[in-house]
Structures are given as structure tokens and as C-alpha cells.
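These are the residues of each chain, in order.
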Amino acid sequence: MVKKRGLTKIVTAFVCGLLIFLVTGCGADSSSQNSNGGSGSVVLDNGDPTKLRRLVPEGQTATLKVWRPTHTAIGTLMESFSDTLFNKWMEEQTGVKIEWIIPVSGTEADNLAMLISSQEYPDIFFDAGLVYPTGAYGLMKDGVVIDVAQYLDKLPNYRAELERSDIRKKESYSDTGEMAAFYRFMMNDEPNSTDYGLLIRKDMLDKVGKSIPETYDEWYEVLKEFKKAGLERPYLLNSTGFPKLNMFTGGLGFGYMNYGGSTQPFYQVDGKVRYAPLEEGFKTYLQMMNKWYEEGLIDQDFLSLNSISAELTLYFDPNSGSYAAPLSLADVARQIAPDPSMEFVSAPHPVVNKGDKIHIGPPASPVFAGAQISSKTDKLDLALQWLDLYYSPDVILASNFGPDPSYYEQRADGSYAFNDKVFNNPDGFAPVDMMMYVADYPMVNYKDRSIGNEQLLGWVEENNKINDNAYLISSSLTLSDEENKVYASIMPGIIDYVEEMQVKYIMGLESFDGYDAFVQKIYDMGIEEVISVYQKALDRYNSR
Amino acid sequence: MQLDRSIGRRLFLVFNYLFLALIALICLAPMWHTLSASFSSPVELNAHRGLLWYPVGEFTLKGYEIVFKNSAIWRSYLNTLIYVVGGTLVGISMTAIGAYTLSRRYFRPRNVLMLLITFTMLFNGGMIPNYMLIHKLGLYNTAWALILPTAINVFHLIILRTAFMGIPPEMEESAKIDGANDLQIFLRIIVPVSKASISVIVLFIAVMHWNSWFPASLYLSDRAKYPLQIILREILIDGNTSITSAGANPAISMYKLLIKYCTVIVSTLPVLTIYPFIQKYFTQGVMIGAIKG
Amino acid sequence: MRQLIANYKRHKMIYWLTLPVVVYFLIFSYLPMAGLIMAFQDFKPSKGFFGSEWVGFQHFVDFFTSPNFWRVTRNTIVLSLMELAFGFPAPILFALMLNEVRNRLFKRTVQTISYLPYFLSTAIIAGLIRDFMSSTGPISTTLAPIMGKAVNLLSVPEYFRAIFISTNIWQFMGYISIIYLAALTRVDPELYDAARMDGAGYWKQCWHVTLPGISSTIIIMFILNMGQLLSVNFEKILLLYNSAIYETADVISTYIYRQGILSQNYGYSTAVGLFNSVIAMLLILGANYVSKKYSETHLF
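What counts and how
- Residues numbered from 1 in each chain as written.
- Chains lettered and ligands numbered in written order.
- Predicted model: local features only at pLDDT ≥ 70, side-chain atom pairs only at ≥ 80, totals over all residues.
- Helix = DSSP H or I, 4+ residues; strand = E, 2+ residues; numbered from the N terminus.
- Buried ≥ 20, exposed ≤ 12 C-beta atoms within 10 Å, placed from the backbone.
- Contact = placed C-beta atoms within 7 Å.
- Rg over C-alpha atoms; globule rule 2.2 N^0.38 Å.
- Pairing = 2+ DSSP bridges.
- Nonpolar A, V, L, I, M, F, W, Y, C, P; charged D, E, K, R; others polar.
- Axes fitted to C-alpha atoms, helices over the stretch in contact; angles between N-to-C directions.
- Parallel < 35°, antiparallel > 145°, perpendicular 65-115°, else oblique.
- Left-handed = near helix turned anticlockwise from the far one by under 90°.
- pLDDT = per-residue confidence, 0-100.
- Domains from an automatic or database assignment.
- Core = buried A, V, L, I, M, F, W, Y, C linked by C-beta atoms within 7 Å.

The next thing to look at is the overall build of chain B. A count of helical and extended segments in chain B gives 14 helices and zero strands. In sequence order, the secondary structure elements of chain B are arranged as α-α-α-α-α-α-α-α-α-α-α-α-α-α. Evaluated residue by residue, chain B yields a buried proportion of 45% over its 293 residues. Taking the contacts inside chain B whose residues are at least 6 apart along the sequence as the reference set, 69% of them involve residues at least 24 apart.

On a plain count of helices and strands, chain A comes out with 21 helices and 13 strands. Scaling as 2.2 N^0.38, a compact globule of 544 residues should have a C-alpha radius of gyration of about 24 Å, and chain A matches this with 27 Å. If you line up chain A on its principal axes, its C-alpha atoms span 80 × 75 × 55 Å. The buried share among the 544 residues of chain A stands at 47%.

Residue and element names in this part refer to chain A. Burial of strand 4 (residues 182-186) is extensive: five of the five residues sit out of reach of the surface. The alternating pattern of strand 4 places Phe182, Arg184 and Met186 on one face and Tyr183 and Phe185 on the opposite face, and all of these are buried. Sheet topology note: the strand 4/strand 13 (residues 444-445) ladder contains two bridges and is parallel. Its bridge partner lying in strand 13, Met186 is registered against Asn445.

Contacts between the two partners involve 75 residues from chain C and, on the opposite side, 69 residues from chain B. In terms of residue count, the dominant contributor to the side of chain C that touches chain B is helix 2 (residues 12-33) of chain C (14 residues). For the side of chain C that touches chain B, the per-class residue count stands at 47 nonpolar, 22 polar and six charged.

With that out of the way, let us pick up the sheet that holds strand 3 (residues 124-126) of chain A. Pairing in this open sheet of six strands is mixed, and the strands run 2-1-3-10-4-13 (chain A) from one edge to the other. Of all the strands in the sheet, just strand 2 (96-101) and strand 13 of chain A have a single pairing partner and so form its edges.

Residue and element names in this part refer to chain B. The residue Ala216 is located in helix 12 (residues 214-219) in this model. Classification of Ala216 by C-beta neighbours within 10 Å gives buried; the count is 22. Excluding residues that lie within four positions of it along the chain, Ala216 makes contacts with Leu146, Tyr226, Pro227 and Ile230.

As a further point, take the packing of helix 5 (residues 69-87) of chain C against helix 10 (residues 157-184) of chain C. Residue and element names in this part refer to chain C. As a packed pair, helix 5 and helix 10 sit with axes 10 Å apart at the nearest point and diverge in direction by 45 degrees. The orientation of helix 5 with respect to helix 10, classified from their angle, is oblique. Every pair of crossing elements has a handedness; the one defined by helix 5 and helix 10 is right-handed. Residue-level inspection shows Val78, Leu79, Met82, Glu83, Phe86 and Gly87 of helix 5 in contact with helix 10, the latter providing Arg161, Phe164, Ile165, Asn168 and Ile169. Taken together, the residues that form the contact of helix 5 with helix 10 break down as seven nonpolar, two polar and two charged.

Residues and elements named next belong to chain B. Mean pLDDT for chain B: 82, with 87% of residues reaching 70 or above. Taken element by element, chain B is modelled with least confidence in helix 13 (residues 228-243), mean pLDDT 70, and with most confidence in helix 7 (residues 144-147), mean pLDDT 95. Note that residues 285-293 has pLDDT below 50 and, in this model, 17 contacts with residues that lie over four places away or in other chains. In the model output, the complex is listed with pTM 0.86 alongside ipTM 0.87.

Attention now moves to the domain arrangement of chain A. Residue and element names in this part refer to chain A. Taken domain by domain, chain A holds domain 1 (33-191 + 366-405) and domain 2 (196-362 + 472-542). Centre-to-centre separation of domain 1 and domain 2, based on C-alpha positions: 36 Å. Counting from both sides, the interface comprises eight residues of domain 1 and, opposite them, seven residues of domain 2. Residues belonging to the side of domain 1 that touches domain 2 are distributed by class as follows: three nonpolar, three polar and two charged.

Glancing now at the packing of helix 4 (residues 71-103) of chain B against helix 2 of chain C. Helix 2 of chain C packs onto helix 4 of chain B with a crossing angle of 125 degrees between their chain directions and a minimal axis gap of 9 Å. On the basis of their axis angle, the class for helix 4 of chain B and helix 2 of chain C is oblique. In the crossing of helix 4 of chain B with helix 2 of chain C, the sense of the turn from one axis to the other is left-handed. Between helix 4 of chain B, through Met94, Ile97, Gly98 and Thr101 of chain B, and helix 2 of chain C, the contact on the second element is made entirely by Ile14, Leu17, Thr18, Pro20, Val21 and Tyr24 of chain C. When its residues are assigned to classes, the contact of helix 4 of chain B with helix 2 of chain C shows seven nonpolar, three polar and no charged.

For the rest of this paragraph, the subject is the nonpolar core. Within the largest apolar cluster, 295 residues are counted, with the highest numbers of intra-cluster contacts made by Ala180, Ala181 and Leu199 of chain A together with Val200 of chain B. In terms of residues, this core owes the most to one element, helix 10 of chain C, which gives 13 residues. With residues near it in sequence (within four places) discarded, Leu199 of chain A still touches Ser322, Tyr323, Ala325, Leu327, Leu329, Ala330, Phe344 and Ser346 of chain A.

Our focus in this paragraph is the environment of Val503 of chain A. Residues and elements named next belong to chain A. Locating Val503 in the fold gives a position in helix 19 (residues 481-507). The class of Val503 is buried, set by 26 C-beta atoms lying within 10 Å. For the pair Val503 and Asp153, spaced 350 residues apart in sequence, the C-alpha separation works out to 53 Å.

Residues and elements named next belong to chain A. Sheet architecture is open: three strands sit in the order 8-5-9, paired in antiparallel fashion. The sheet terminates laterally at strand 8 (322-326) and strand 9 (344-347), the two strands that pair on one side only. Strand after strand, the sheet turns through a mean of 45 degrees between neighbouring axes, direction not considered. Pairing between strand 5 (residues 196-201) and strand 8: five bridges, direction antiparallel. The residue bridging Leu198 from the neighbouring strand is Ala324, located in strand 8. Sitting on the sheet, helix 13 (residues 329-336) is in contact with strand 5, strand 8 and strand 9, with an inclination near 165 degrees to strand 9.

Moving on to helix 17 (residues 431-438) of chain A. Residues and elements named next belong to chain A. Counting buried residues in helix 17 gives eight out of eight residues, a clear majority hidden from the surface. Within helix 17 the residues assigned to the buried category are Pro431, Val432, Asp433, Met434, Met435, Met436, Tyr437 and Val438. Backbone geometry just downstream of helix 17 places Asp440 in the positive-phi region, at approximately 70 degrees.

Let's shift gears to the confidence of the model for chain A. Residues and elements named next belong to chain A. Per-residue confidence for chain A gives a mean pLDDT of 84; residues scoring 70 or more make up 90%. Mean pLDDT across the elements of chain A bottoms out in helix 2 (residues 29-32) (39) and peaks in strand 3 (95). Note that residues 21-40 has pLDDT below 50 and, in this model, 22 contacts with residues that lie over four places away or in other chains.

Turning next to unusual backbone geometry. Note: most peptide bonds trans; most residues except glycine with negative phi. Residue and element names in this part refer to chain A. Non-glycine residue Gln119 carries a positive phi angle of around 60 degrees. With respect to the helices, strands and loops of the structure, Gln119 is situated in the loop between helix 5 (108-117) and strand 3. A residue is classified by how many C-beta atoms lie within 10 Å of it, and Gln119, with 13 of them, is partly exposed. Of note in this structure, Asn469 is not a glycine but carries a positive phi near 55 degrees. Along the chain, Asn469 falls in the loop between helix 18 (454-465) and helix 19.

Here Asp270 of chain A lies in the loop between strand 6 (266-269) and strand 7 (272-275). A sequence separation of 145 residues divides Asp270 of chain A from Ser415 of chain A, and the C-alpha atoms of the two residues are 36 Å apart.

Burial of helix 9 (residues 170-177) of chain B is sparse: only zero of the eight residues sit out of reach of the surface. Gly179 of chain B sits one or two residues past helix 9 of chain B and shows a positive phi near 95 degrees.

Printed below as a string of C-alpha cells:
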């Protein structure tokens, strides 16, 4: 009995001791991370800084920690970004090893916030600006990353690329001459095109004897015919009532991406900021959608399409007639749609009058934020040199198409493209995964390198031709802290309100008699203050 | 009166059986649908609406093939097994001890402690402080980060405590007279008598660890340590993003829906196989009317 | 205090056995709780706890004056009360009914099957519900002649609450009933014999023996449920709702989630969470007090 009592005390003391040990004893962990700093902080100084070369003395390695959102190729084709052919090649050439910090898909924003709060900074961030509330610029203002502009003398390759064109300089520098990141450029400064577009059933068009619609009126006629021919869902709409990426609405003269987050919903006309719900075009769109909905031309269950998985079930449904989606789905549909006669083609952005041009579409930019160096890194020189190499002529081709020439070919006009090993991989891997496996993260991008077939390229070109993107507001607009506060305190309420009302108008749950009151309420909620704040930012941008 | 009771009772029993069978059917339907769907031909599946009672189209194992071909799956099964077993052992011992001491009426501070503990169930600092704590404790990227913080779930603690409090004091009397101390009473009397409640909590803790993915996504940075649920989520979500980006692979896209169902079966089946072993502990008991029909 | 020391001297072992548990809660629950200070700060990850600006009760004021505050609070409370009224008794009744079954195989099979919906991820269940309630689903097509047209049931605000509560019962009844089933095993068989001797029929036995036997479990579960009043199954609502039914479907957590997407305001969401926790604590204390007065069972 005495033994038992003693045993209890011992066990208890042990458990408590264990917990206390864990609290105190392992605090040393965080300091051990920096022990690598020693050898890696001095960059090997050998020869031409513009050429690809070893950055670390022979026989040694240095490690850089890089934070980076995950990719679908991980888990399917490879275990980590270090397995890509490009990264393996870079490591061989430079002697720099990369330790990747990859948050679980979907948790990037929180992961970044936690990393920063606990002061566990990596050396480099890739694409952190996409998930940080105030973007890449915000990361610099908050002191998380360095101002690249101050180190340009150490970056001969980057500097050379940067100064090659005015647009690159305008988009990369902030209003006050700082640079928050190593920006990614398009090779010839064309905006990167996206293959998002409108798909419509070719077989149905043939059946009802109509050609691809170009104007809104033509769309109406075609959809009516589809409905008469027995299609349940001539036109699919997603749950917000607005197709993504300004598809379909551009012809009515407004841009409107009501997603919240770091996507701002404004557009501009001649340098003046506008908010779509306050404009005529918005009402026209809602009325048109309402009419189509009442006549059954729009999927009656569109409200349930509030997620990608929901949309996917309908994309290949024989009863679906048309929708906004990535154009590459036309290929996918050909192979997996249950009804083999189903065929989709791309329809151009509809316009009001034949021959009109549209001024806004999916956001496209020749410059976008890429890599940022942490302000707390002790391997600054190494990081600077390593990132600079991405812009060196030796590296640009490899980063776009991979170091292994068996995966790409050079065309007659001198341009490059991936070959069938990537686009029609014999093992069945997706092209987007193969591209990642081979090439990884180019800083200077070849346009359209990810678009596989000629037909798709043709469609994308057609879409680009009628759109001059004049209404787009650049994503490198920056707001000051005060301005951000104004935006963050007023905008969420407005976005929420408009989103609720727009759906109700489309479904006819709200009568258009009250539309003026709806617009008035937006004014009452303070939209003008936000617009004026944005206007100031736009003015600053334009005078860069 | 004898007749009334008999007829009324019989009617009730019939109604009871029917009603329970109906409930069972309603509860079975979604699982049966998932099972059928997981063997269905993907093309037909994509076009199908509504509940399935048998696989539609050609019977196929391709969905399962894709899931198990993923190299990380087997390793993650092993990981999950470790986390579940470890987590349950640590969890049930600490929860049971805690429930026991808080159930002793002669333990003065117990009500105050109960209040303070319930407090922790409602008030939580959130993701960021917990993350920082795990780092400071040096538990980051270890199995302990998944086992320790969730060791005691207050809800479970309260249920177990209630069960322990319901044990008649007479049961302990004889042991006390023999001079047994608290720990011995716990191990020799309380635990055997409460087998039903303890097995319930063991089940809850095990299922909680089996299904959990969020703490792992926060505290594990090594893919090799990922549990099953994260890998399954990856398979599902990857299916989502691939199809809507340029370069979607029709083969994988076609199977996306099928894979969704297969992953559910894959993640549920192991639990269901051990379930009957635990079930017998909490369904055995007094049945009214068992004795005299 | 003196009594406490005396108590310790008499029952040393119990105190020592409790120590690991106390240490556990101190480290893993109370230490991180210090993070609640974010509710009073304009928290920025880069500035951390010590550098972020102090804003006092501003977040709370912002929440209470936000445009949809009353609507989301009302919806949250209504859904919770309905959950309490229908979702709370369901597992109890189910456990009682199951208990009446003589056939062991039937009992165990039904019990196992009832547990299955709990395992299905919310995403799958939401998908099934969406299909079921669509305008081409079985319910709509059956009701179409009466209602005039086939309607997507998830687009009508009035139906949402019924859909949500009934599917909740379907998902969780089996899982929760296990607790009551376990409690039923603790009822002393001799009490039934004694009741039968007194001439009690089956219903009287249930009323006088079974229910009182599990009453402590029921009361404790009820108190705990009161603490859940302001939190509703967030993920499920998020997957099922849409802007047309915000009127009844938008709850506090989904509203905060939408606002949070824009600015990732940790201070704000912590403040709202803190508000919810305080209310929950008050409710639990209240329920505990009432149960202390009218029964022998109480939480603390």
C-alpha cells in the first residue's frame, strides 16, 4: 500500500516534469534554425554576375528557405518542388539547396499570418502577395520583406530586365519609388492572356440552325431556340449571378469582380474610378438576366452553383447549353461527356451592337508580383544573387520550358512550345502538372506557353482582339494605411449588400421599381468616400 | 387488463420495429449511395442525379485504383494509425483520471475546478496563440503536437464524470473497508463498472483523431508525417483545381466525382470494421420487457 | 483555506491525481487564452501581440452596429432554439426506442447504421441535400402541381430552417444517442423488478425508472447544449446557403466569414468570438443554477 501511494506520486511528478521539460527545454529549437547562416552568407565571387554560376564554394552547400503555395503536381507527380527538373538543375549549377515551406492547400493565408506572427520568417516568399490582405506592397510596408529598389546595384540581371521597358518600371515601382518584390514580366510585355471564355454547344447551334451569337440580342434568340429544342439549361450562371472574370458583362460597359479579398471591384473610364452597381450598364444586365430567368433560359437552380464541384457536375451535362468557363474544357468535354455528339466552341464576348469593341475582360497584366526576400533573413546576399539568376539569359529559357530539350521544340518562327510529352503525356499526367515538373517558376514569361492546341490559341486570340482592356485598373495600385482603413471599414458591407440584392433582382424576388432606392442605399453606405480614396491612388499611379 | 396490456404492448413493439427500420433506412441511404457511386462508371456518374441504389454504368475499380496509386496514401494510413492509437491512449487515460477525481464528492475544489475547466471549452485564444505555443514548446512537426493539445476534451470529460458520479457509493464501500486507496478504487471498481461509458469516450476520441486534419495542417510541415485526411483532401481539391486550369487532364477530370466517393469509403471503412467490437460495450444493458413478455 | 488544507491532508492522492490534468489545462488552454487580447487590438501579424495598436471595444461596437447584426443574431438564436427543441430530444427518444428492442442483432444493426451519417463529410452531405432540394429533385417535382412551379427549395428562405434542422438530426442523432445508450446500461435492473412488483406497467416503468435513471445525463447534456446556443454548424450552412436566403440562413459565423475574406481582421473575429463565448458562459451558468435549484444534478 505504501508502495502504491508512492507510485502515484512518482507517476504524477513524472508527468508534470515531462510537461515542464517540454515547455522550457525545447525553446532552443528556434535558435538552431539560424545556425546554417555561417557559410551561406558569403556569396562566392567568381566571374560574371550575369551568368549562371556557382554561388557557393565548391564542396559546400547553402540552404535557402522558401515559402510557397502548393501545386497540384505535388502528391501526384512529385513530392516537393525540389523534384522539378528545373530546380534540380539550378541546385546543381549554383550549389544552393532549397528547403520549401509548403502550406496545406487552402490554408495559405492563415499559414502566412501565423508564420509572421510567430516571427518564424523564411528567407524568401513566393506569391505571398496573393494571399496577404494588403498584397505584396503591404508585406513590404509592414516590414516583412525588403525594399528591392535599394539593392538594384547588386542585381544586374533583374535590373537589365526591369529597365527594358517603361511599363515594367511603372508597375514595379510604388508611388514613392520603392519596390516590394522581384516582379515577374512577360517576355514582350503583352498582358498574359487567360483562356477563360464563353463556351456554347456547337451541336445545338447546328440543330437549331443558328450561328455563334455575337450580340446580346443574338444570344437571347439562340437561347430561346435552345430551350425550344428541349435543353433544360440553355445558359448556366453561377450563384452570384455574374460570370467570373468579367466574362459576358464587358460588352455592357462595366467591370465588376465582386469577390472580396484582395480583388477590388472597381474599373476606370478615362482615369476616373467607377463602381459598376452605380452605373446604367449594371441595371441593364440585371434586367436582361431577370428576363432570361423568367423565361427559363437560365438554369433555374443557379443559386446552388456556389462551388467548383457544383459547377463541374453541370459542365458536361447534356442539358447544359452554354456557360463561362476555361476554354480548355471544350477538349475535356469531347472526351468525357456522356453524349458523344456534344461539342463546345468558344463564343466571343457579346456586345450591344455588332462590331463594338469591349474595354474590359479578365484581369491581364504584363507585370505581376513574384518573389520577395524576407527582412529578417541572414542570407541576404545569397538570396539576392539566387533570385537575380532567374533573370539571366542563361536561365530564362530553362525556367520556361525546362532544362531538358526533349520536352519542347522550337517552331519555324523562332518561338518555343512544349511538345506532346507535356500536352499528351503517355502516362496520363495533366499538362499543367507536367509543366510544373519540367519547368517551374519563370520570372520572365513566354506568352501562352501553357496553352496546348492551336484551336485553343485561336480562340484566345479572338477574345483578345476585340478587347482593349482600357477600363482595367492595374493591380499594382497601392493604398496608404489610412486609405486601406477606409476601404476595409466601408467596402465589405457594400459588397455584401450588393451581392445579396443582385441575386434577388435576377430572380425577380425584388422588383425593379425599388432600384433607385437600392442605388441610393449604396451611396448612403459611403461608396463615394471609398471611390475618392481609390481615385487618389489611381492618380498617383498614373503620375508614376 | 391483461389483454389490453398485451395488445397495446404488441402494437407498440411492431410500431417500434417499423419506425426504427425506417430510420435505419434513411441513415443508410447516403452511405449506400456513396458506396454504389464509388464503383460506378465515371461517365454515367457525372450525368446522374439523385440517389443511387446500385452502381450505375459499368462496375469499375478505377476510382480506388487512382486513390491507392497515390504514393502518400499508405504512409498516411500508418501515420493516422499512430496518431489515433497514441492520441486515444493518452486521451482516455487523462480524461478518465480527470473525470474520476472531479467526481469524488469529498474532493473540495471539484466544483471550482469544473467551472474553470468548462471555461476553457468556451474561451479559446484562436489559431495564432496556439500555433505560437506549439512552437515554443518545441512540439512543432511532431506527433505530440497532434496528441497533447487535444488530450482532454471537456465534453468527454463531463460525460465521463457524470457516469462516474452515477455509480452507487455502496460499490466502493467494501473496497474502502479493505483499505483500498483512491487509485485502486479507480482501477478495480470504477473502471470495470463504467465499461460502457468509457468505451463510448474511447470511440469518440478515436473517431476525433481519425477524422482530424486541421491541427495537422497547422503543426506538421513534413509531408511524410501527414495523416490520411490531409492526403484525401489533397486528392479531392487537386481534382478541383486541375480541371479549371489550362491543361486540364480529361482522364483525371472525368474521375473527379468518382474519386470523391472513393475517398469517403476509404476513410470510413477502417473505422466501421472495428466499430462492432466497441459497440457491444454500450448496447448491453437492461432491456425493459426482456424478462416478461 | 484551512478547510482546503485539511481536505488535502485527508485525501492527498486525489490531489496528486488531479495535478497532471490541471497542468494540462494551464499549458494548453489558459496559456493560449492570453491571445484573446487580440479582441481589443487592431492585430497585425507583422506587429504581433505587443506591437499591435490598442482599440479597446471598437471591434465590439463595429459588430453591433454592422448592417446585418440583428438579422444574423436572430437567425443564429432561432436556429439554435429549434435545434434545442427538436434536435435535443431526438437522440434521447431514439435511444429509448432502441432500448425496447429485444432482438440483439436488430438492435446492434440499427444502432450501427444510425451512426453512419456522422462519418460522411459535410461536403458530401451538402451535395446530396442540394441535389435533393433542386428544382428537378423528387420533392420539388412532387409538389410542383400544388405550388405552381418547380422551385429550388434552397432558394426559399422559409424552408431553410426546416431543411437545416431535419438534416442535422439525420446526421447526428445516431452519434449522440450512443451517450444515452451507455447511460441506459447503468440503470439498476433491480429497480425494474421492484417497479414490476408494485404493479407498474411498461409506461410507468419507463416514467419512474428509466427516465429518472438517465436524468443526470439528460440534464448535463442540456446544460452543455445551452452553451452551444450561439454557435451553429458553420461549414454546413456555408455549403448550403446562397444570397437569396440570407434572410434566414445567414448566421453570425457565416457573416463574419464573409467580412473576413476582405481584410483578414483577426482582432475583429476574435472579438466576435469572445462575445459569443461570454454569452455561452452566461447561459451555462444560468442553466446550471436552475438545475441546482430543481434537481440533484448540476455541472458545478
